[in-house]
Amino acid sequence: MLKNLNRFQEALCKREQAGTLRTLKPKAEGIDFYSNDYLGLAKNKELQDLLVKKINENPQLLSGSTGSRLISGNSRVAAFTEKCIAEKHQFSSALLFPSGYNANLALFSTLPDRHDTIIVDEQIHRSVHDACKMSNARKLKFRHNDIEDLENILKRQEKHCYIAIESLYSMEGDLAPIREIAGLAKQYEADLIVDEAHAFGVFGNGLVDQYHLQDQVTANVITYGKALGAHGAAILCNDSIKSYLVNFASPFIYTTSAQDFQWMSIKTGYDFLEEHQEFPAQLHENIKIFRSQGLESPSSENSPVQAIIIPDNKKLKSLQERLSEEGFLTYAIYSPTVKEGTERLRICLHSFNTEEEIVKLTEIIKGFI
Ligand SMILES: Cc1ncc(COP(=O)(O)O)c(C=O)c1O
């Protein structure tokens, strides 16, 4: 124990000296350019009132589920929500999870086995890497969004391959060439898995839906903690894969199901969003305003995440501090989290940011470049 304690302390000391020690701080007050609440639904009063009304009508929604969904924890609310989600996304099945992290853990630790290879985009979310560690499959990486590199890797594989991508990457703020990758998956008979954590709600029901790729995607991961302002996730797939996950996915089986409130708030969120398309429309207006300010960014022009490269940790830190003094909440990503020379300020745009706020934010940034 003492030996490990020393190791823990050393690791923490190193982080402290490097200025990268993480601590839990109270939620900051300020103008939000850093949260994933792209459409402002997490603080939408009308949606909150709807949820409160449903709880008042059925307080049981707030109670614990009492067990795994395979024992006492299943419910009509969970099954109904899954049915509605599958229909909305035009997949034959949906399986709910308490978070996107859990969904990815279940998917990648269960579907691929030792006879398979998982080929991941180098920028794929940490949950996929963690899941790969739980799987007996071999993991390979391809260069970010580089379809030539992906094809070169696919060509050399003798084992069956799974390809893991996101449709919108949250650090770079760029879109995947999803149709081209789907084409490669078909050509090389690989299974394509697309995580739409950041695209769902911003681009309708996600890019798989917008490009009608349901038949070319083995599993589509949708998360509800970002644009929907709720919490949880669904894996969209066919009936056999759902059944396989229900039978073999440890992160699904060996855990108490979430409360019905979580599933109900997801279903309510879908309905609310369908009736309030003004929120994504306003978000895209704000993205246009930001892009028209002339800042250089590697992000896609219609992405709610806009990365501004400030290639120097010190300069980046003082920019973020200056922004914070002016009341702007942003997120800075330092090296070695990203490669040296690509340190960046990550700006999340929202439907509720005003033009004045966006212009002022960009003016301050311009003063630092
Ligand atoms: C691409 C991606 N996938 C999965 C997750 C995990 O989702 P959740 O926050 O619901 O656990 C995230 C969240 O950061 C994400 O960005």
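Since the structure is predicted, the reported quantities are computational estimates derived from the model, not experimental observations. (Residues numbered from 1 in each chain as written. Predicted model: local features only at pLDDT ≥ 70, side-chain atom pairs only at ≥ 80, totals over all residues. Heavy atoms only, no water.)

Picture the strands of a sheet paired through backbone hydrogen bonds; they go either parallel or antiparallel. One open sheet holds the 7 strands; their spatial order is S2-S8-S7-S6-S5-S3-S4, and the pairing between them is mixed. Pairing within the sheet leaves two strands with one partner each, and these edge strands are strand S2 (93–97) and strand S4 (138–142). Between one strand axis and the next, the sheet turns through 20 degrees on average, direction left out of account. Note that strand S6 (residues 191–195) and strand S7 (residues 219–223) share 3 bridges and pair parallel. Bridge assignment links Asp 195 to a residue of S7, and that residue is Val 221. The sheet strands contacting helix H9 (residues 239–248) are S2 and strand S8 (233–237), and the helix crosses S2 at an angle near 30 degrees. (Pairing = 2+ DSSP bridges. Helix = DSSP H or I, 4+ residues; strand = E, 2+ residues; numbered from the N terminus. Axes fitted to C-alpha atoms, helices over the stretch in contact; angles between N-to-C directions. Contact = heavy atoms within 4.5 Å.)

Here the focus is helix H12 (residues 278–291). Here H12 is 14 residues long and its end C-alpha atoms lie 20 Å apart, about the 20 Å a rise of 1.5 Å per residue gives. Buried residues of H12: Phe 279, Pro 280, Leu 283, Asn 286, Ile 287, Ile 289 and Phe 290, and no others. The secondary structure elements touched by the buried residues of H12 are helix H11 (260–275), strand S9 (305–309), strand S12 (344–348) and helix H14 (355–368). (Expected span 1.5 Å × (residues − 1). Buried < 20%, exposed > 50% of the residue type's maximum accessible area, 1.4 Å probe, protein only.)

The tally for this structure, following the rule as stated, stands at 18 salt bridges. Between Glu 326 and Lys 360 there is a salt bridge whose closest N-O contact spans 3.1 Å. Note that Glu 326 is positioned in the loop between helix H13 (313–325) and strand S10 (328–329) and Lys 360 in helix H14, a separation of 34 residues in sequence. Its relative accessible area of 29% is what places Glu 326 among the partly exposed residues. Taken together, the shared-partner salt bridges in this structure form one network comprising Lys 88, Lys 267, Asp 271 and Glu 274. (Salt bridge = Lys/Arg side-chain N within 4 Å of Asp/Glu carboxyl O.)

What follows deals with the packing of aromatic side chains. The tally for this structure, following the rule as stated, stands at 7 aromatic pairs. Ring plane angle 50 degrees and centroid distance 5.2 Å describe the contact between Phe 200 and Tyr 270, whose orientation is recorded as tilted. With Phe 200 in the loop between S6 and helix H8 (207–210) and Tyr 270 in helix H11, the pair connects residues that are 70 residues apart, well separated along the chain. Pair check on accessibility: Phe 200 and Tyr 270 agree, each one buried. Ring geometry for Tyr 244 and Phe 248: centres 4.7 Å apart, planes at 45 degrees, overall tilted. One end of the pair is Tyr 244 and the other is Phe 248, both in helix H9 and 4 residues apart, which spans about a single turn. Given a relative accessible area of 37%, Tyr 244 falls into the partly exposed group. The class of Phe 248 is exposed, set by a relative accessible area of 53%. Ring-pair connections join several aromatic residues into one group, and the members of that group are Phe 200, Tyr 224 and Tyr 270. (Phe/Tyr/Trp six-rings, centres within 6.5 Å; stacked < 30°, edge-to-face > 60°.)

On to unusual backbone geometry, then. A positive phi angle, near 50 degrees, is found at Glu 189, a position not held by glycine. For Glu 189, the position within the fold is in the loop between helix H7 (178–187) and S6. Overall, the relative accessible area of 65% leaves Glu 189 in the exposed class. Despite not being glycine, His 212 has its phi angle at roughly 55 degrees, a positive value. Looking at the element boundaries, His 212 is found in the loop between H8 and S7.

Moving on, we get to the sheet that holds strand S11 (residues 331–333). If you trace the 3 strands from one edge of the open sheet to the other, you get S9-S12-S11, paired in antiparallel fashion. Taken across any chain shown, the strands that pair with only one partner, and hence form the sheet edges, are S9 and S11. Across the sheet, the mean angle from the axis of one strand to that of its neighbour is 25 degrees, orientation sign disregarded. Here 5 bridges tie S9 to S12, and the two strands are oriented antiparallel to one another. Looking across to S12, one finds that Val 305 is bridged to Cys 348.

The next thing to look at is the environment of Ala 103. Along the chain, the position of Ala 103 falls in helix H4 (residues 100–110). For Ala 103 and Ala 249, which are 146 residues apart along the polypeptide, the C-alpha to C-alpha distance reads 9.7 Å. When sequence neighbours within four positions are dropped, the list of residues in contact with Ala 103 reads Phe 97, Val 221, Ala 233 and Ile 235.

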